Amino acid sequence: MPFYHKLGKIPPKRHTQFKKPDGTFYYEQLFGTIGFDGMSTNSYHEQRPTQVKDIKRQYSVAPKVAKANNMQSYRLHGFKVKPENDYLESRKIVLTNSDCNIILAAPKESTRDYFYKNTDADELIFIHKGTGKLRTMLGNLDFKYGDYLLVPRGIIYKLDFDTEDNRLFIVESYRPIYTPKRYRNWFGQLLEHSPFCERDLRQPQELETYNESGDFLIKIKKQDDIFDMVYASHPFDVVGYDGYNYPYAFSIHDFEPITGRVHQPPPVHQTFETDAFVVCSFVPRLYDYHPLAVPAPYNHSNIDSDEVLYYVDGDFMSRNDIDAGHISLHPAGIPHGPHPGAMERSIGKVKTDELAVMVDTFKPLKVTEEAMKIADEDYFKSWLE
Ligand SMILES: [Fe+2]
């Protein structure tokens, strides 16, 4: 997060003595990223955060690749992913490369028996269906339909759902996820032309602190393995913290679209950036208003990026036969564009209600076995008249 946040109790000066009412010490932890060069947070714990009791199990959750080198456009039926009780088991990697995993999940139950920590990747969790609370060591965030939850790598968390009907679209990124640099000034403040501002980014305001000892299971992901590690103290024992590295939420409904007289390119929809992919939000907006405007996008050859669109809601004008929960994959190397009739259909239209999340990766994506289970194998022929 590119701006400073403070929550709970902290001492007036960093790296100084900070005592509890009984005279014993709180334990400071500096949580840095990119060595000591990236964003960091300084947190204060009831107990030492280093008390590993046991390492119970290590098991692989690496994606199984079905097509490593893919030139075929696909449609995936995301809602065909079966709901599963457990959050981690419900996460199905459908597309993958060395920079990111694109995941669909339909968890039915809140995480109760363990905490989760991803040491390799930032997680961007888009809430398509469901409401609840993201609980983290650095505070909680309520979530609902349309929220992006950004959990930086290493933040211990749980997800509490209000009901069993949940659908998540998750990007797990080995590269840090930021808001686009071009939206910010040299101090990091979001500029006037940015489609969102600081008021739209929700920081944790509720800190849960447990000073408890016992056996606390944290499932820790590192290099495609999960380590079941047992800690002697409750992972949510922070009494206060400050800094720049913490989870936050942003609703897609707070993204203010940028429109023009003629068709605007995808970068106007950009919401997040990494050096390996971008995330864009397509939201309800007025169409182009040149008298001869063609609201449908032109055919385009994304010669050096794979394009993934996750359809959330509304009628997606450029595609035929696309529904909520579908993913389209248009691979690098070949052009794609509106389906037959879509360009003509778009002329004269004033607005769109479409809602979609796009991920454009700079390295090609591999298609996994999980994706093949929900894939439409004939989609690549759908531009034929
Ligand atoms: Fe496209």
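Residues numbered from 1 in each chain as written. Predicted model: local features only at pLDDT ≥ 70, side-chain atom pairs only at ≥ 80, totals over all residues. Heavy atoms only, no water.

- As annotated in an unreviewed UniProt entry, the chain carries the name Homogentisate 1,2-dioxygenase and is attributed to Winogradskyella echinorum.
- For the chain, the Cofactor (unreviewed entry) comment in UniProt is given as "Fe cation".
- Taken from UniProt, the Sequence similarities (unreviewed entry) comment for the chain reads in full: "Belongs to the homogentisate dioxygenase family." (UniProt positions renumbered as here; feature names shortened; annotations may be inferred.)

### Here we look at the coordination of the iron ion
Here is step 1: Summarising the metal site, the iron ion is bound by the protein donors His300 (NE2), Glu307 (OE), Glu307 (OE) and His336 (NE2), whose distances to it range over 2.1 to 2.5 Å.
Here is step 2: Of note is the iron ion, whose four donor atoms meet at the metal with angles of 55 to 160 degrees in an arrangement that counts as irregular.
Here is step 3: Written as a sequence motif, the donor residues of the iron ion are H-x6-E-x28-H. Highlighted residues: Glu307 in strand S24 (residues 306-313) and His336 in the loop between strand S25 (326-330) and helix H2 (342-346), separated in sequence by 29 residues. Residues Glu307 and His336 agree in their burial class; the two are buried. (Donors = N, O, S within 2.8 Å, 3.2 Å for Na, K, Ca; no water. Tetrahedral: all angles 85-135°; square planar, octahedral: opposite > 155°, others 65-115°. Helix = DSSP H or I, 4+ residues; strand = E, 2+ residues; numbered from the N terminus. Buried < 20%, exposed > 50% of the residue type's maximum accessible area, 1.4 Å probe, protein only.)

### Considering the sheet that holds S25
Here is step 1: Here seven strands make up an open sheet; going across it, the order is S21-S22-S27-S24-S25-S6-S29 and the pairing antiparallel. Unpaired on one side and paired on the other, strand S21 (270-273) and strand S29 (375-376) mark the two borders of the sheet.
Here is step 2: Pairing of strand S22 (residues 277-282) with strand S27 (residues 355-361) involves six bridges; the strand directions are antiparallel. Bridged to Cys280 within S27 is Met358. (Pairing = 2+ DSSP bridges.)

### Some remarks on the environment of Pro291
Here is step 1: Assignment of secondary structure puts Pro291 in the loop between strand S23 (285-286) and S24.
Here is step 2: The exposure class assigned to Pro291 is exposed, which follows from its relative accessible area of 68%.

### A few points about the side chain of His339
Here is step 1: Its location among the elements puts His339 in the loop between S25 and H2.
Here is step 2: Among the polar contacts made by the side chain of His339, one reaches the side chain of Ser382 at a distance of 2.7 Å. (Polar contact = N/O pair within 3.5 Å; in protein donor to acceptor, adjacent residues only side chain to side chain.)

### A closer look at the packing of aromatic side chains
Here is step 1: Counted by the stated rule, this structure contains 17 aromatic pairs.
Here is step 2: Judged by centre distance (4.9 Å) and plane angle (50 degrees), the rings of Phe196 and Phe250 are tilted. Highlighted residues: Phe196 in the loop between strand S15 (167-173) and strand S16 (201-202) and Phe250 in strand S20 (residues 248-251), separated in sequence by 54 residues. Just as Phe196 is buried, Phe250 falls in that class too.
Here is step 3: Put simply, the rings of Phe126, Tyr148, Tyr183, Phe196, Phe250, Phe255 and Phe272 touch in pairs and so form one group of aromatic residues.
Here is step 4: Looking at Lys219, its charged tip hangs above the ring of Tyr114, at a distance of 5.5 Å from the centre. (Phe/Tyr/Trp six-rings, centres within 6.5 Å; stacked < 30°, edge-to-face > 60°. Lys NZ or Arg CZ within 6 Å of the ring centre and 35° of its normal.)

### Overview of a negative patch on the surface
Here is step 1: Together, Glu109, Asp113, Glu164 and Asp165 make up a negatively charged patch on the protein surface.
Here is step 2: Looking at the element boundaries, Glu109 is found in the loop between strand S8 (100-105) and strand S9 (115-118). (Patch = residues over 30% accessible without salt bridge, like charges linked within 9 Å, V, L, I, M, F, W, Y side chains within 5 Å. Areas by Shrake-Rupley, 256 points an atom, 1.4 Å probe, with all protein chains shown as cover. Salt bridge = Lys/Arg side-chain N within 4 Å of Asp/Glu carboxyl O. Lys, Arg positive; Asp, Glu negative; His and termini not counted. Charge placed at Lys NZ, Arg CZ, Asp CG, Glu CD.)

### Details of the pairing of S27
Here is step 1: Counting buried residues along S27, seven of its seven residues qualify, which places the element largely inside the surrounding structure.
Here is step 2: Residue alternation in S27 divides its side chains into two sets, Leu355, Val357, Val359 and Thr361 and Ala356, Met358 and Asp360, and both sets are buried.
Here is step 3: As judged from the seven bridges shared by S24 and S27, these two strands associate in the antiparallel manner. Residue pairing in the sheet places Tyr311 in a bridge with Ala356 of S27.

### Some thoughts on the nonpolar core
Here is step 1: Formed by 79 residues in total, the largest nonpolar core has its most connected members in Tyr87 and Phe169.
Here is step 2: Setting aside residues up to four positions removed in sequence, Tyr87 forms contacts with Pro107, Thr111, Tyr114, Tyr116, Glu123, Ile125, Tyr157, Leu159, Leu168 and Ile170.
Here is step 3: If you look at the next biggest cluster of nonpolar residues, it comprises nine residues, including Cys280, Tyr311, Phe316 and Met358. (Core = buried A, V, L, I, M, F, W, Y, C linked by side-chain atoms within 4.5 Å. Contact = heavy atoms within 4.5 Å.)

### Thoughts on the environment of Leu286
Here is step 1: Here Leu286 lies in strand S23.
Here is step 2: Owing to a relative accessible area of 54%, Leu286 belongs among the exposed residues under this scheme.
Here is step 3: With 26 residues separating them in the primary sequence, Leu286 and Gly260 have C-alpha atoms 8.9 Å apart.
Here is step 4: Beyond its immediate chain neighbours, meaning those up to four positions away, Leu286 contacts Thr259, Val350 and Lys351.

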